[in-house]
Amino acid sequence: MYCALTASAKKLDEAKKCHSRGSSFDYRLIKDMFKISLPRSRSAGELPKEDAEPGEKKEKKVKSSKSTKLKNSFKGKESCSTLPDEEAGLSALHQGTGRVGLKNLGNTCFMNSILQCLSHSAPLREYFLSRKYKGDLSSSSKMQGRLAEEFANLLSDMWSGRMDTCSPNKFKSAVAKSAPRFVGYSQQDSQEFLRFFMEGLHEDLNRGKRGKRRMEEPDKDLSDSQLADHRWKEYLTWDNSEIVSIFVGLLKSTLTCSICDHKSVTFDPFWDLSLPLPRSKGSGLNLYSCFAEFTQVEVLDGDEMPTCENCKKRQKCTKQFSIERFPPILVLHLKRFSEVRYRTKLSTKVDFPVENLDLADFSSSSACPPQYDLVGVSNHSGNTFSGHYIAFCKSGERWHRYSDTSVSSLSKSDIVSSEAYVLFYERKR
């Protein structure tokens, strides 16, 4: 054994002398001499050992891959190129799982939390990663497709499996150009950012007609379902993109005259639903009670009285919402911030289902509505003047916490909290 080690040492000394003369230094020579076992490549769905326990709460910074460090430790001309592609690329901590942190560019945690939730919304992600969006890019939009391209590039980096942290710098520049209110680095509201971004993304990918919009009056003999179909097709004439197909639903509003009992029905598209937080007498506040508050009968009287189509004059009426069309990705905004004289935040805990959200009680159709599973949550901690946004996202059957560049595992029992702000639900297939 002593002789073998001496011989190996001599070979190593010769290799060093060779390297000092400028010759290439092959790291595989050392591997053969000392039987070094390089870290094996993990498959796309395999987790690192320290991330194996679902209940682990310890937060960790995502570190550089070991193979990158190994390459940088040798300075010979061929030291980097001699690393096999498989070992160089597949040793990343989160290969192809999207478990990648995002750099905070200066108070951009609101943006990062929404980007993580969108990244884990499968229909949207698949549309961009498959590059199908390329055929929908609009040259006549304000951004001429740049916003969609930068979002696609960012998603590609996040799901490449070769990065632990991504910088959304180019993406943010595109957002600022699309919506000037996001120029600079002041703290913003994550739900407002989502709306502006989705509108810009839709504009970049809109296949609908351009020009002045003309709305046709539908036949008065149409049933409610026929009227809904008419309004939806009319909407798609002008706003027809994959973003609309994934995120936009249809809300039904029924106005009933208290004098003649005439019902007037209208249908309006929605990109998300802003749900009020009702005052709770106990600890029983949940998402269904928020929906009940949103869809409860509202009395329109006094200055709010509308004109009855049948009476031909302003009458006391009732108004009620229900959901006519359910989108593949349902975004729900919990109205925690009240716009009163002084903006305040409601830190009430709202219980919401992680699986099997059933909205049959709030559907305008007798047909069985789809069920939803939660895939992402944008959380806000702090008050109206300062705070921090983080995201909880589902990857496969596991949940993770995303706080800018920091990524850690999350237990299901910790998903529901008083900091939940924007919920992303995906329709079950």
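Residues numbered from 1 in each chain as written. Predicted model: local features only at pLDDT ≥ 70, side-chain atom pairs only at ≥ 80, totals over all residues. Heavy atoms only, no water.

A.B. asks: Looking at this structure, I do not really get the side chain of Lys 252. What am I missing?
C.D. replies: Tracing the sequence through the fold places Lys 252 in strand S3 (residues 249-257). Separated by 3.0 Å, the side chains of Lys 252 and Asp 224 make a polar contact. Apart from the residues lying within four places of it in its own chain, the contact partners of Lys 252 are Asp 224, Val 265, Thr 266, Phe 267, Gln 320, Phe 321, Ser 322, Glu 324 and Ser 364. (Helix = DSSP H or I, 4+ residues; strand = E, 2+ residues; numbered from the N terminus. Polar contact = N/O pair within 3.5 Å; in protein donor to acceptor, adjacent residues only side chain to side chain. Contact = heavy atoms within 4.5 Å.)

A.B. asks: Would you mind going over the sheet that holds strand S7 (residues 317-325) with me for this structure?
C.D. replies: Whether parallel or antiparallel, the strands of a sheet pair through hydrogen bonds between backbone atoms. One open sheet accounts for four strands, arranged S4-S3-S7-S6; its pairing is antiparallel. Looking at strand neighbours, the two that pair on one side only are strand S4 (263-270) and strand S6 (298-300), the edges of this open sheet. Within the sheet, the average angular offset between the axes of one strand and its neighbour, ignoring direction, is 30 degrees. Of the pairings in the sheet, the one linking S3 to S7 comprises eight bridges and is antiparallel in character. For Leu 251, the partnering residue across the bridge sits in S7 and is Ile 323. Strand contacts of helix H10 (residues 224-238): S3, S4 and S7, with the helix running at about 35 degrees to S4, the strand carrying the most contacts. (Pairing = 2+ DSSP bridges. Axes fitted to C-alpha atoms, helices over the stretch in contact; angles between N-to-C directions.)

A.B. asks: Is there a simple way to think about helix H8 (residues 169-178) in this case?
C.D. replies: What sets the pattern is the α-helix's 3.6 residues per turn: residues three or four places apart point alike. Listing the buried residues of H8 in full gives Phe 171, Lys 172, Ala 174, Val 175, Ala 176 and Ser 178. Tucked inside the fold, the buried residues of H8 contact helix H5 (109-119), helix H7 (146-158) and helix H9 (190-205). (Buried < 20%, exposed > 50% of the residue type's maximum accessible area, 1.4 Å probe, protein only.)

A.B. asks: Help me understand empty space enclosed by the protein in this model?
C.D. replies: The rolling of a water-molecule-sized probe over the atoms marks out the regions of remaining empty space. Counted by the stated rule, this structure contains one cavity of 30 Å³ or more. Together, Asn 107, Thr 108, Phe 110, Lys 172, Phe 182, Val 183, Gly 184, Tyr 185, Ser 186 and Gln 188 line the largest cavity. (1 Å grid on protein atoms, 1.4 Å probe; cavity = no way out; pocket = protein on both sides within 12 Å on 5 of 7 lines; lining within 4 Å. Points joined across faces, edges and corners; volume = space filled by probe spheres on them.)

A.B. asks: I would appreciate a short explanation of the confidence of the model for the protein in the present structure.
C.D. replies: Do not read the predicted coordinates in detail wherever pLDDT is low. When pLDDT is averaged along the protein, the result is 81; 76% of the residues meet or exceed 70. Contacts of residues 1-12 to residues separated by more than four positions or lying in other chains number five contacts, the stretch itself having pLDDT below 50. Contacts of residues 15-95 to residues separated by more than four positions or lying in other chains number 113 contacts, the stretch itself having pLDDT below 50. (pLDDT = per-residue confidence, 0-100.)

A.B. asks: What is the right way to look at the pattern of salt bridges in this model?
C.D. replies: Pairing is possible between side chains of opposite charge, provided their charged atoms come close. Applying the stated rule across the entire model yields eight salt bridges. A salt bridge links Arg 213 to Asp 239, with the shortest nitrogen-to-oxygen separation between them at 2.5 Å. Taken together, the residues span a long stretch of sequence, with Arg 213 in the loop between H9 and H10 and Asp 239 in the loop between H10 and helix H11 (242-247) at a distance of 26 residues. Owing to a relative accessible area of 43%, Arg 213 belongs among the partly exposed residues under this scheme. Of the residues examined, Asp 239 reaches a relative accessible area of 9% and is grouped as buried. Residue Asp 224 is joined to Lys 252 by a salt bridge in which the shortest nitrogen-to-oxygen separation is 3.0 Å. With Asp 224 in helix H10 and Lys 252 in strand S3, this residue pair connects regions lying 28 residues apart in the sequence. (Salt bridge = Lys/Arg side-chain N within 4 Å of Asp/Glu carboxyl O.)

A.B. asks: Hey, could you run me through H9 in this one?
C.D. replies: For H9, spanning 16 residues, the distance from its first C-alpha to its last is 22 Å, which sits close to the expected 22 Å at 1.5 Å a residue. Those residues of H9 that fall on the buried side of the exposure criterion are Ser 190, Gln 191, Phe 193, Leu 194, Phe 197, Met 198, Gly 200, Leu 201, His 202, Asp 204 and Leu 205. Residue Asp 189 occupies the N-cap position of H9, its side-chain oxygen lying 2.9 Å from the main-chain nitrogen of Gln 191. (Expected span 1.5 Å × (residues − 1).)

A.B. asks: Whenever I open this one, the pairing of strand S13 (residues 387-395) confuses me. Can you help?
C.D. replies: Along a regular strand, successive side chains alternate from one face of the sheet to the other. With seven of nine residues buried, S13 is to be regarded as a mostly interior element. Sheet analysis places strand S12 (residues 371-382) next to S13, joined by seven bridges and oriented antiparallel. Within the sheet, the bridge partner assigned to Asn 379 lies in S13 and is Ile 390. Counting the residues in the hairpin turn of S12 and S13 gives four residues. Examined bridge by bridge, S13 and strand S14 (residues 398-403) share five bridges and lie antiparallel to one another. By the bridge assignment for S14, Lys 394 is matched with Trp 399. What sits between S13 and S14 in their antiparallel hairpin is a turn of two residues, with Gly 396 showing a positive phi close to 70 degrees.

A.B. asks: Even after reading the chapter, I still don't get the layout of surface pockets, so can you show me in this structure?
C.D. replies: If you add up the space inside the second largest pocket, you get close to 450 Å³. Elements with a minimum of two residues in the lining of the second largest pocket: H10 and S4.

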